Amino acid sequence: MRWTILAALFLFVSAAHSQVIQEQNNPKRWTITTSHSQQIIAVASDGIPVPIYYGPIGEPPPYASELKVNPKVGSEVREVPFRGGFDHQVPAIEVVYADGTRDCNLIYDSAQIADIDGQPGLQIHLKDSEYGLEVTANYRVFPDQDITERWLTITNHGNAAITLENAQSASVELPSGEYDLTQLAGEWAHEFTPFTSRITPGVKTIQVRDFQGLNNPPWVAIRPAGERNQNSGNVYFAALHYSGNWRLDVAKTFPGDRNRFAGAGDVQIVGGINFWDTALALKPGETFTTPKMTVGFATDSMDGAANRLQQYTRKYVLPAHFRDALRPVIYNSWYATVFNVNEAQQLALAKVAKQIGVELFVMDDGWFKGRTTDHAGLGDWTPDPQKFPHGLQPLIKQINDLGMDYGLWVEPEMVNPDSDLYRAHPDWVFYYPKRERHEQRNQLMLNMAREDVYQYTLGWMSKLLSENNIRFIKWDHNRALSEPGWPDAPPDQQRAVRILYMQNLYRLIDTLRAKFPDVLFEDCASGGARADLGMLERTDQVWASDNTNPDDRLFIQWGYLSMLPANTMVSWVTDEDWHRGPLSMNYRFAVSMQGVLGVGGNITKWPAEDLKTAARMISLYKEIRPIIQHGSVYRLISPFDSNRVALEYVAQDGSQAVLFCYTLEDDMAGSRQSERVHRTVYLRGLDPNAQYTLSGQPHQTLTGQSLMNVGIPWPIFGDYNSRIIRLTKVDK
Ligand code: DGJ
């Protein structure tokens, strides 16, 4: 009986999946259909798979190169672009064979439609038979989110080594046309700033070359030129699952005559590992798998794209153990105590934290041997005997007794030259023998590609986590890479060091998570410098920026939410004030409540009134937390456009929503354009036919249709003011 049910289920799932990916044998052709998109790939007459169409569902326009190949030239626009023949695209594969041939020829070999990890999947196998190179293009489809994960698997079936000089994750061809590119860029304390520019003929490369994504998280969104509508409009987007050196190229060919030149005016997105100063030797029998690139398409604006990527990240990317769990309210000691930590002072902070409703108490930097400033200690991961003479256990126990979980900061990939570890193993860092070892924040980077460094790190982390009841790790990374030398490695591995480093870093976190499944992990790199889907496959949340000024955070968080979900965006209320004098407690909390709420000020010094506000806001946050952390976010009014900011979160089941409104510096009435246009807030994502009650509003009940089409009057005035309005659907 049970087998019958299982068999029926299997047939049902296979049937559903075969609707997503359909195959035609003559000519060989595949169509991937999601809720709102269609992608067609076919094998051209010269045997090369070519991209036929990717975009909204419908009859695709005729494509010049489709199956009619100029025999003298061959397919120039390829699904897996390789260096070889006439290659007009940005290549995804560049190899050198043992005989010195640098020209590759990847011809269709076979294909299969089969589940990949529970999702509909397509694999197209290509071969360069002369040399035994096999490349598989993988597609794992998420029809509801209009997303496909793409990556390449590259195997050497020959009998000589092949040098991989480039292996990108995927190439995507958009229908020819004029487009705008939106990317995120920034620097320390100013992360996630969106920039939009026209895509003109040529190649725009967004990249990281020193392991710090500070300037560019690996994400792009592409819309038809000039499209600014917040409710509708097509958007293509791509994001990489990689935290080392990565690259995203957006290329456009001259919009010439399609009959003369295949692919004229096309836009190509290519992304993956940045092979700058990198090469990988693929020995006979070896396989290299690229990281994934997630590619998606939305018909309903940038927020439509953001919500798809966020929903997919929440449902399929984040580590399974805590995937559905609500993130706790954190206290973090960094801004209150910096390196100067001790048991009594941490406990004093913890007692107040408990009173205001904190659930997880985290001690940041400063706890380990010799760590009095950032000049010493990294590498020696035992509790400092002066600060914690009896270890961490007494502090952890008292915090647990208060009813809170305990968490700790670590920076496992780094070492200070002033440490026992470095004195014992000066060869464990990246270095070139005759070059200076440049320090940043007085630290060097351990070469995690080395097995001894990996084992050492796994050893001390495992000891720390098994000897102490630690339920949270904040994993920091505070410098960029320089002098990436590894003199002890065999010559053919030396330029692969950055890739091997990342493989071991991922292996390390994966191993720790498997050994300690109940520990929540936070990703940090001097703030949000390593926020990507690669880290989010193995960490649960991100410290988005060291800038905790609420007015700056409105900008930073706006950018963050165009890519990553709110349940990963940690935001603390602190005493920091980098601009203009402290803003109200209400305002500070209202800003931090957009993501995973935390507190990071010296709360032992906060006046009673502030603690009361903190307790009230934390309690409100706990009520609306499921809507914020698991709902859809609509960014209604942008701080980049005006001095008013509005964001709306709608619960997964649509029964509730929360509207956050903020002012920045208020302008004189009627003065600036933005002040004139944003006197109304138009909500989004509601049920037009339902009635909603609005908390604290004079007109208590309005239909979704009114709220979205007529809007509500802008509710607040004055500098740096905020209002949180809860909307509840009225049961019929
Ligand atoms: C950088 C992080 O972004 C901060 O939050 C803090 O953890 C410091 N490092 C500690 O050194």
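Note that the coordinates shown come from a computational prediction; the quantities given were computed from them, not determined experimentally.

**Re the overall build of the protein chain**
Scanning the protein chain for helices and strands turns up 15 helices and 38 strands. The globule rule puts the C-alpha radius of gyration for 732 residues at 27 Å, and the 27 Å found for the protein chain is close to it. In terms of overall dimensions, the protein chain has C-alpha extents of about 80 × 70 × 65 Å along its principal axes. Residues counted as buried form 59% of the 732 residues belonging to the protein chain. Within the protein chain, contacts between residues at least 6 apart in sequence are counted, and of these 68% link residues at least 24 apart. Surface accessibility of the protein chain: about 27,800 Å² in total, with carbon and sulfur atoms responsible for 51%. The distance from the centre of the 68 positive side-chain charges to the centre of the 84 negative ones in the protein chain is 2 Å.

**Examining the sheet that holds strand β28 (residues 541-543)**
The eight strands lie next to each other as β21-β22-β23-β26-β27-β28-β29-β30, forming a closed barrel whose pairing is parallel. The mean inter-strand angle of the sheet, taken between neighbouring strand axes irrespective of direction, is 30°. Relative to strand β22 (residues 360-363), helix α4 (residues 343-356) is tilted by about 155°, and along the sheet it contacts β21 (330-332), β22 and β30 (596-599).

**Describing helix α12 (residues 585-592)**
α12 sits mainly inside the fold: seven of its eight residues count as buried. Residues Met585, Tyr587, Arg588, Phe589, Ala590, Val591 and Ser592 constitute the buried set of α12. The inward-facing, buried residues of α12 contact α11 (550-560), β29 (569-573), β30, α13 (608-630), β33 (656-663) and β38 (722-729).

**Notes on the site of the ligand**
Within the structure, the ligand sits among 14 residues, and Asp364, Asp365, Lys474, Asp476 and Asp546 are positioned closest to it. One nitrogen or oxygen atom from the side chain of Arg441 is found 2.9 Å from an oxygen atom belonging to the ligand. One nitrogen or oxygen atom from the side chain of Asn478 is found 3.4 Å from a nitrogen atom belonging to the ligand. Contact with the protein chains removes 98% of the 290 Å² of surface that the ligand exposes when unbound. Considering only residue class, the shell around the ligand consists of five nonpolar, three polar and six charged.

**Some details on the nonpolar core**
Membership of the largest hydrophobic core comes to 183 residues, with the highest contact counts inside it found for Ile93, Ile154, Trp367, Tyr406, Phe589 and Ile603. Sort the elements by how many residues they give to this core and helix α9 (residues 497-515) lands first, with nine residues. Beyond its immediate chain neighbours, meaning those up to four positions away, Ile603 contacts Tyr331, Leu349, Val352, Ala353, Ile356 and Leu611. The next biggest cluster of nonpolar side chains, apart from the first, holds 20 residues, and it includes Leu659, Ala690, Ile725 and Leu727.

**A short note on the pattern of salt bridges**
Considering all chains together, one arrives at 40 salt bridges under this definition. Two residues, Arg228 and Asp180, come together in a salt bridge whose shortest N-O distance is 3.3 Å. Taken together, the residues Arg228 in the loop between β14 (219-224) and β15 (235-240) and Asp180 in strand β11 (residues 179-185) connect sequence positions 48 residues apart. Its relative accessible area of 3% is what places Asp180 among the buried residues. Among the ionic pairs, Asp452 bridges to Arg450, the shortest N-O distance being 2.9 Å.

**Points about the environment of Gly213**
Summarising the element assignment, Gly213 is placed in the loop between β13 (202-207) and β14. Among all residues touching Gly213, those that are not within four sequence positions of it are Val208 and Ala529.

**A look at the pairing of strand β7 (residues 121-128)**
Counting buried positions along β7 yields six of eight residues, so the element is predominantly enclosed. In this sheet, β7 lies alongside strand β6 (residues 107-113) in antiparallel orientation, the contact comprising six bridges. Bridge pairing in β7 links Ala111 to Ile124. Bridge analysis of β7 against strand β8 (residues 133-142) gives eight bridges, and the strand direction is antiparallel. From the neighbouring strand, Leu126 faces β8, where its bridge partner is Val135. In this antiparallel pair of consecutive strands, β7 and β8, the connection spans four residues, and Gly132 shows a positive phi of 75°.

**A closer look at the packing of α12 against α13**
Contact geometry for α12 and α13: axes closest at 10 Å, N-to-C directions at 30°. Our classification of the angle between α12 and α13 gives roughly parallel. Relative to α13, the crossing made by α12 is right-handed. Within the contact between the two elements, α12 uses Met585, Asn586, Phe589 and Ala590 and α13 uses Asp610, Thr613, Ala614, Arg616, Met617 and Ile618. Its residues placed into classes, the contact of α12 with α13 shows six nonpolar, two polar and two charged.

**A closer look at the side chain of Thr457**
You can see Thr457 is positioned in helix α7 (residues 451-467). A distance of 2.7 Å separates a polar atom in the side chain of Thr457 from the backbone oxygen of Val453. Residues within four places of Thr457 in sequence aside, it is in contact with Pro412, Met448 and Leu508.

**Topic: the pairing of β30**
Every second residue of β30 is oriented toward a common face, with Val596 and Gly598 on one face and Leu597 and Val599 on the other, all of them buried. Note that β29 and β30 share four bridges and pair parallel. Its bridge partner lying in β30, Ser571 is registered against Leu597. Note on the crossover from β29 through α12 to β30: the handedness is right-handed.

**A few points about the sheet that holds strand β1 (residues 21-24)**
Taken in spatial order, the four strands line up as β1-β2-β3-β4 in an open sheet, and their pairing is antiparallel. Each of the sheet's edge strands pairs with one partner strand only, and the pair in question is β1 and β4 (49-56). Each strand axis lies, on average, 15° off the axis of its neighbour in the sheet, ignoring direction. Inspection of the sheet shows strand β2 (residues 29-33) paired to strand β3 (residues 37-43) by five bridges, in the antiparallel sense. Bridging from a neighbouring strand, Thr31 pairs with Ile40 of β3.

**With respect to the confidence of the model for the protein chain**
When pLDDT is averaged along the protein chain, the result is 93, and 94% of the positions lie at 70 or above. A low-confidence stretch, residues 9-15 stays under pLDDT 50, and its non-local contacts, those more than four residues away or across chains, total zero contacts.

**Here's the deal with unusual backbone geometry**
Despite not being glycine, Asp117 shows a phi value in the positive range, around 45°. Secondary-structure assignment places Asp117 in the loop between β6 and β7. Look at Glu483: it is not a glycine, yet its phi comes out positive at around 40°. Assessed through its relative accessible area of 15%, Glu483 is described here as buried.

What counts and what doesn't
For every chain, the first residue of the written sequence is number 1, and numbering continues from 1 along that sequence. In keeping with the predicted nature of the model, local features appear solely for residues at pLDDT of at least 70, side-chain atom pairs appear and are counted solely at 80 or more, and the whole-chain, interface and lining totals rest on all residues. Side-chain metrics in this entry use all non-hydrogen atoms of the structure; hydrogen atoms and water are not considered. Under the scheme used here, helices are H or I runs from DSSP no shorter than 4 residues and strands are E runs no shorter than 2 residues, and both carry numbers assigned from the N terminus. Within these notes, the globule rule equals 2.2 Å times the number of residues to the 0.38 power, and the radius of gyration is based on C-alpha atoms. Summary of the burial criterion: residues with accessible area below 20% of their type's maximum are buried, those above 50% are exposed, and those between are partly exposed, where the area comes from a 1.4 Å probe applied to protein chains only. We call two residues in contact whenever any of their non-hydrogen atoms come within 4.5 Å of each other. Here the open area of atoms and residues is found with the Shrake-Rupley method and a 1.4 Å probe, where only the protein chains shown may cover a residue. Positive charges come from Lys and Arg, negative ones from Asp and Glu, while His and the chain ends are left out of the count. For the purpose of locating charges, the reference atoms are NZ of Lys, CZ of Arg, CG of Asp and CD of Glu. Should DSSP find at least two bridges between two strands, the strands are regarded as paired. For helices, the axis comes from a line fit to the C-alpha atoms of the stretch in contact; other axes are also lines fit to C-alpha atoms, and the angle between any two N-to-C directions lies between 0 and 180 degrees. The rule for a residue being near a molecule or strand is that one of its heavy atoms must lie within 4 Å of it. The definition of a polar contact used here is a pair of N or O atoms within 3.5 Å, where within protein one atom must be able to donate a hydrogen and the other to accept one, and adjacent residues in sequence count solely through side-chain atom pairs. Each residue gets one of three labels, nonpolar for Ala, Val, Leu, Ile, Met, Phe, Trp, Tyr, Cys and Pro, charged for Asp, Glu, Lys and Arg, and polar for the others, Gly among them. Definition used in this section: a nonpolar core is a set of buried Ala, Val, Leu, Ile, Met, Phe, Trp, Tyr and Cys residues joined via side-chain atoms within 4.5 Å. Note on definitions: salt bridges are taken to be side-chain nitrogens of Lys or Arg within 4 Å of carboxyl oxygens of Asp or Glu. Should an angle fall under 35 degrees it is called roughly parallel, over 145 degrees roughly antiparallel, and 65 to 115 degrees roughly perpendicular, with every other angle called oblique. Handedness of a helix crossing follows the sense of rotation of the near helix relative to the far helix, less than a right angle counterclockwise being left-handed and clockwise being right-handed. Here is how to tell: hold the view so the strands point away, follow the path from the first strand over the helix to the second, and if it runs clockwise the crossover is right-handed. Every residue carries a pLDDT, the predictor's confidence in it, which falls somewhere between 0 and 100.

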